[in-house]
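# Fold and contact review
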Amino acid sequence: MRGPSRNSDQIIHNVLTRTRTIAMVGASPKWTRPSHFVMKYLQDKGYRVIPVNPAHPGLIINGEPTHPSLKHVCGPFQMVDIFRNSTAATDVVDDTLRVARRHGIDSVWMQLGVINKDAAQRAEDAGLDVIMDKCPKIEYARLFGDQKLTDIRS
């Protein structure tokens, strides 16, 4: 791999700075789930977060309609945030690569505990930045100085 390594502060900062819209695969309508409050936090920081969850198509989560898959999302988004298990990341990356050019996707973010080196390598080989086993909420707070991490409902 050339340039900064995966998960470097430089890559994370660049992704968080250039991203305006995020498709969150595995978004949950339950406010107690991590995906729900990460979505809300990112929205509060100015990102548009599009929920993707085949179990809840059309359901409004934090003001956004849920889509059954990435191919059903209209309009551009730059990041795919994977809130699924490590094994499921393979299929999510495959779906991402199928729609990346159409939507302008330039990064894949695998949440805390989501580790799939093969999927990450395929995404990188396709030219996408990959962040793995990290949370954008935590990384945003760390890199941009927002230490308000304890109130999950705000």
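In this report, the structure presented in the accompanying data block is examined. (Residues numbered from 1 in each chain as written. Predicted model: local features only at pLDDT ≥ 70, side-chain atom pairs only at ≥ 80, totals over all residues. Heavy atoms only, no water.)

Here we come to the overall build of the chain. Along its length, the chain carries five helices and seven strands. For the chain, the N- to C-terminal ordering of α and β elements is α-β-α-β-β-β-β-α-β-α-β-α. A compact globule built from 154 residues should have a C-alpha radius of gyration of about 15 Å, and the chain, at 14 Å, falls within 12% of that. Counting only C-alpha atoms, the chain reaches 40 × 35 × 25 Å along its principal axes. Taking contacts inside the chain between residues at least 6 apart in sequence as the whole, the part at least 24 apart equals 63%. (Helix = DSSP H or I, 4+ residues; strand = E, 2+ residues; numbered from the N terminus. Rg over C-alpha atoms; globule rule 2.2 N^0.38 Å. Contact = heavy atoms within 4.5 Å.)

Regular strands have side chains that alternate between both faces of the sheet. Burial along strand S6 (residues 107-110) is two-sided: Ser107 and Trp109 and Val108 and Met110, pointing in opposite directions, are all buried. Pairing between strand S5 (residues 79-82) and S6: four bridges, direction parallel. From the neighbouring strand, valine 80 faces S6, where its bridge partner is valine 108. Read as a crossover between parallel neighbours, the route from S5 over helix H3 (residues 89-103) to S6 is right-handed. Pairing of S6 with strand S7 (residues 129-131) involves three bridges; the strand directions are parallel. Bridge pairing in S7 links serine 107 to aspartate 129. (Buried < 20%, exposed > 50% of the residue type's maximum accessible area, 1.4 Å probe, protein only. Pairing = 2+ DSSP bridges. Right-handed = clockwise from strand over helix to strand, strands pointing away.)

Right, let's get into the pattern of salt bridges. Following the criterion strictly, the structure yields nine salt bridges and no others. The residue arginine 18 makes a salt bridge to aspartate 129 at a minimum N-O spacing of 2.6 Å. Of the two residues, arginine 18 sits in helix H1 (residues 9-18) while aspartate 129 sits in strand S7, which places them 111 residues apart along the sequence. In this structure, a network of salt bridges that share partners links the residues Asp9, Glu139 and Arg142. (Salt bridge = Lys/Arg side-chain N within 4 Å of Asp/Glu carboxyl O.)

Attention now goes to the nonpolar core. Leu70, Phe77, Val80, Ile82, Val93, Val108 and Met110 are the most contacted members of the largest nonpolar core, which totals 24 residues. Those elements giving two or more residues to this core turn out to be strand S1 (21-25), strand S2 (48-52), S5, H3, S6 and helix H4 (117-125). Considering each element in turn, this core owes the most residues, five residues, to H3. Here methionine 110 is in contact with Ile82, Ala89, Val93, Asn116, Ala119, Ala120, Val130, Ile131, Met132, Asp133 and Lys134, once residues within four sequence places are set aside. If you look at the next biggest cluster of nonpolar residues, it comprises 22 residues, including Val15, Met39, Phe83 and Ile131. (Core = buried A, V, L, I, M, F, W, Y, C linked by side-chain atoms within 4.5 Å.)

Read these as layout, nothing more, since geometry by itself doesn't imply function.
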